[in-house]
Amino acid sequence: MRVLAEVHHRDGYPVNWPVRPDDWLSQASGMGAWVAELGGRLVGHVSLSRSGEGDLAPGLWSERSGTSKDLTAVVSRLFVAPQARGHGIGALLIGQAVEAARRRGLHPVLDVVASDAAAAALYERLGWELMATVEQRWSPSQSVVIHCYAAAS
């Protein structure tokens with residue numbers, strides 16, 4: 001939780017701080033979760049899950065590929081401690097999640113808030129394809145712009 005709190009304080013991720021951060025992390029790890037260590041310290045996290053309510057990318061991938069959204073896996077909850085950036089940790093974590101999805105015969109997809117330019121740049125550097133940018137209502141008083149990505153085939 002310490003690393004997540006550091007990332008939230010510095011970068012605003014997650015956009016809305018969860019009431020129970022431990023539940024927020026574990027809810028998205030139905031197919032697995034991975035952490036990274038650097039110098040014996042926990043410095044990063046990523047998870048992989050099935051499509052859930054509010055996930056836009058699985059439906060977009062399904063429409064584009066002509067397959068079921070059940071053939072996707074959602075990469076989420078990616079974060080790297082600010083002091084550990086620049087070591088390729090984010091790319092390594094994404095690689096782990098992508099590999100796990102592909103072993104299950106699933107196509108990795110993800111949604112990211114458009115304001116997280118660093119994350120979007122990372123996905124694009126790794127060859128992820130931007131499928132769409134859409135506005136999503138998270139609550140009656142909060143609307144956010146979301147980029148929907150799919151891993152390269």
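Everything below is about the structure shown above.
Computed from a prediction, not measured in an experiment: that's the story for all the values here. (Residues numbered from 1 in each chain as written. Predicted model: local features only at pLDDT ≥ 70, side-chain atom pairs only at ≥ 80, totals over all residues. Heavy atoms only, no water.)

The number of helices and strands found in the protein is five helices and six strands. In terms of overall size, the protein behaves like a compact globule, its C-alpha atoms giving a radius of gyration of 15 Å where 153 residues would be expected to give roughly 15 Å. Its C-alpha atoms give the protein principal-axis dimensions of about 45 × 40 × 25 Å. Split by element, the accessible area of the protein, about 8,100 Å² in all, is 52% carbon and sulfur. Side-chain charges in the protein split into 14 positive and 15 negative, and the spacing between the mean points of these groups amounts to 4 Å. (Helix = DSSP H or I, 4+ residues; strand = E, 2+ residues; numbered from the N terminus. Rg over C-alpha atoms; globule rule 2.2 N^0.38 Å. Areas by Shrake-Rupley, 256 points an atom, 1.4 Å probe, with all protein chains shown as cover. Lys, Arg positive; Asp, Glu negative; His and termini not counted. Charge placed at Lys NZ, Arg CZ, Asp CG, Glu CD.)

Right, let's get into unusual backbone geometry. Backbone torsion omega between Y13 and P14 reads -5°, so that peptide bond is classified as cis. You can see P14 is positioned in the loop between α1 (2–11) and α2 (21–27). Even without a glycine there, the phi angle at R77 is positive, about 55°. Within the element layout of this structure, R77 appears in strand β3 (residues 72–80).

Moving on to the pairing of strand β5 (residues 129–139). Pairing of β5 with strand β6 (residues 142–150), which is carried by nine bridges, proceeds in the antiparallel orientation. Its bridge partner lying in β6, V134 is registered against I146. The hairpin formed by β5 and β6 contains two residues between the paired strands. (Pairing = 2+ DSSP bridges.)

Pairing is mixed in the open sheet, where six strands are placed in the order β1-β2-β3-β4-β6-β5. Edge positions in the sheet fall to β1 (32–38) and β5, since each of these pairs with one other strand and no more. Between one strand and the next, the sheet's axes are offset by a mean angle of 25°, whatever the strand orientation. Sheet strands touched by helix α5 (residues 117–125): β3, β4 (107–113) and β6. Its angle to β6, the strand with the most contacts, is close to 15°. (Axes fitted to C-alpha atoms, helices over the stretch in contact; angles between N-to-C directions. Contact = heavy atoms within 4.5 Å.)

If you check which residues of helix α3 (residues 57–65) are buried, you get A57, P58, W61 and S62. Here the buried residues of α3 occupy an arc of 135° about the axis, which is enough to place them on one side. If you follow the buried residues of α3, they end up packed against β3, β4, β5 and β6. A positive phi of about 70° marks G66, the residue just after α3. (Buried < 20%, exposed > 50% of the residue type's maximum accessible area, 1.4 Å probe, protein only. Arc of directions from axis to C-beta.)

Right, let's get into the packing of aromatic side chains. Describing an aromatic ring pair means giving the distance of the ring centres and the angle of the ring planes. Here the structure, examined in full by the defined rule, presents three aromatic pairs. On the numbers, 5.9 Å between centres and 65° between planes, the contact of Y13 with W24 is edge-to-face. In this pair, Y13 sits in the loop between α1 and α2 while W24 sits in helix α2, placing the two residues eleven residues apart along the sequence. Comparing Y13 with W24 shows no difference in burial state: the two are buried. Between Y123 and W128, the aromatic rings sit 6.0 Å apart at their centres with planes inclined by 50°, giving tilted as the arrangement. Linked through ring pairs, Y123, W128 and Y149 together constitute an aromatic cluster. (Phe/Tyr/Trp six-rings, centres within 6.5 Å; stacked < 30°, edge-to-face > 60°.)

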